[in-house]
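Understanding the architecture of this molecule
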Amino acid sequence: MKIAVIGCTHAGTAAIVQAAKRYPDAVITVYERNDNISFLSCGIALNVGGVVPDADKLFYSSPEALRQLGVTTHMKHDVTALDLDAHTLTARNLDNGDVIEDTFDKLIITTGSWPIVPRFEGAEFSNILLCKNYHHSQTIIHKAKEATNIVVIGAGYIGIELVEAFEESGKHVTLIDMTDRIMAKYLDVEFTAPVEKSFADRGVVLALGETVHRFNGTNGTVSSVVTDKGEYAADLVILCIGFQPNTAFMRGKLDMLDNGAIIVDEYMRTSHPDVFAAGDCTAVQYNPTEQPAYIPLATNAVRMGTIAACNLMTPRIRSLGTQGTSGIKIYEHHIATTGLTEDAAIQQGLVVETSLLEDHYRPEFMPTTEPLKLKLVFEQGSRRIVGAQLSSTIDLTAAINTMSVCIQNRMTVDELAVVDFFFQPHFNKPWNYLNAVALQTWNT
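Residues numbered from 1 in each chain as written. Predicted model: local features only at pLDDT ≥ 70, side-chain atom pairs only at ≥ 80, totals over all residues. Heavy atoms only, no water.

Some remarks on the pattern of salt bridges
- Taken as a whole, this structure holds 18 salt bridges when the rule is applied.
- The partner of Arg-269 in a salt bridge is Asp-265, with the nearest N and O atoms 2.7 Å apart.
- With relative accessibility at 30%, the residue Arg-269 sits in the partly exposed group.
- A salt bridge links Glu-266 to Arg-318; the shortest N-O distance between them is 3.8 Å. Here the residue Glu-266 occupies a position in the loop between strand S17 (243-245) and strand S18 (275-277), and Arg-318 occupies one in the loop between helix H7 (298-310) and strand S21 (326-330), the gap between them amounting to 52 residues.
- Relative accessible area serves as the criterion here: at 45%, Arg-318 is assigned to the partly exposed category.
- What you see here is one network of salt bridges that share partners, running through Asp-188, Glu-190, Glu-342 and Lys-375. (Salt bridge = Lys/Arg side-chain N within 4 Å of Asp/Glu carboxyl O. Buried < 20%, exposed > 50% of the residue type's maximum accessible area, 1.4 Å probe, protein only. Helix = DSSP H or I, 4+ residues; strand = E, 2+ residues; numbered from the N terminus.)

Structure (structure tokens):
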């Protein structure tokens, strides 16, 4: 069996490793446009901020590691043509232009995502950077050393983490986003407002609810960012607006969502029987809405890549879908979320109720205890849990993994209220906070 893999980030690496183990007689060939694989882009801000000083530590595999598994890796090769029915592909060497023509029995597409880059006026000025891969991270670090005024555009996780890293490095930082608050995609206002205050207290300029119109420049280098409400000095701009599936070359060949995310079934099969796809180039089943959605996360990618490889010959392991579970630490705020926020649930047309618990995580008789904030979002009527968010000044974020399982298994708030959790005063109260936030709904 000949297996071809296009793309080798998280989903690709996982698929390749699993395929090499499961099919030792298979011929596995990888085509990757970059000159490296498996870079954990979620660690870029840690690298920029010096928490992880060596960016090489953010790789967990390499072409050499794959070669040791018997895999042929073609780095810096761009797949330029695909004939799915004929089971052929053509790839071009980006260094010398040489062309490879290959055949396959099974194809795994793991081409990942790429940053969204709107057509801003002045985008050609230097020092306007993306934040996605290893080379981006190294350029950001190099440019930031000489920068005084840094503007981050996009208040999602990556943008927020970069703002913290730059602020702690002594830079004057401005954060711009067209929404009226940070991390609006992931969290409700009860959880974003405290983080905004922490930024403001440290001198970060929050230009929220503003739309970028253009960049101004001096001598070919960016000097300011102009929005519909103001102008902000900038000698370095980082674009963190979001991501889109890297699937343009597959348009018309496979079934996709409108944004280009490849639609797969629970076994990672595409609309072509011999083509599988996984990771940030695909749509994934989103359990809170029970619909496919585009949720680019490394956790989804490694699961999907592993599942794809397992099912190449016959359906064996099915995906359980995702809740989009994620977490972030900004200053003293330890935050995690899973499923739908209240705002997102309403936008999806769900009729929901919420329960917000503000308490201490363990008994007040202990020498110390810390506050926590926990919110449940659940359907009215069925009382099915569809989302949860947690914030605390110590790390309690693992509790959101429990809530992810609850959503996956379609649990109700009434069931959560009486789930068996241990009690030990070092860690929690007799009524665990996950019980307590659900118990509150019995009074409504």
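Moving on, there is more to tell.
With respect to empty space enclosed by the protein
- Scanning the entire structure with this criterion turns up 2 cavities of 30 Å³ or more.
- Considering only enclosed or pocket space, the largest cavity measures out at about 40 Å³ in volume.
- In terms of residue count, the dominant contributor to the lining of the largest cavity is H7 (3 residues).
- Here the lining of the largest cavity is built from residues that sort into 6 nonpolar, 3 polar and 1 charged.
- Here the second largest cavity is characterised by a volume of approximately 30 Å³.
- Pro-115, Cys-131, Ile-158, Leu-239, Cys-240, Ile-241, Gly-242 and Phe-243 are the residues that line the second largest cavity.
- A per-class count over the lining of the second largest cavity returns 7 nonpolar, 1 polar and no charged. (1 Å grid on protein atoms, 1.4 Å probe; cavity = no way out; pocket = protein on both sides within 12 Å on 5 of 7 lines; lining within 4 Å. Points joined across faces, edges and corners; volume = space filled by probe spheres on them. Nonpolar A, V, L, I, M, F, W, Y, C, P; charged D, E, K, R; others polar.)

Brief notes about the packing of helix H1 (residues 10-22) against H7
- Axis separation between H1 and H7 bottoms out at 7 Å; the angle between their running directions is 30 degrees. Comparing their axes, H7 and H1 come out roughly parallel. The two elements H1 and H7 meet at a crossing, and its hand is right-handed. Residue-level inspection shows His-10, Ala-11, Ala-14, Ala-15, Gln-18, Ala-19 and Arg-22 of H1 in contact with H7, the latter providing Ala-298, Ala-301, Val-302, Gly-305, Thr-306, Ala-309 and Cys-310.
- Split by residue class, the contact of H1 with H7 holds 9 nonpolar, 4 polar and 1 charged. (Axes fitted to C-alpha atoms, helices over the stretch in contact; angles between N-to-C directions. Parallel < 35°, antiparallel > 145°, perpendicular 65-115°, else oblique. Left-handed = near helix turned anticlockwise from the far one by under 90°. Contact = heavy atoms within 4.5 Å.)

With respect to the sheet that holds strand S25 (residues 385-392)
- Judged by pairing direction, the sheet is antiparallel, and its 5 strands sit side by side in the order S21-S22-S25-S24-S23 without closing on themselves. The sheet is open, and its two borders are formed by S21 and strand S23 (352-360), each paired with just one other strand. Strand-to-strand twist across the sheet, computed as the mean angle between neighbouring axes with direction ignored, equals 10 degrees.
- Here S23 pairs with strand S24 (residues 371-379) via 9 bridges, running antiparallel. If you follow His-360 over to S24, its bridge partner there is Pro-371.
- Across the sheet, helix H5 (residues 157-168) lies against S21 and strand S22 (333-339), angled at about 15 degrees from S21, the strand it touches most. (Pairing = 2+ DSSP bridges.)

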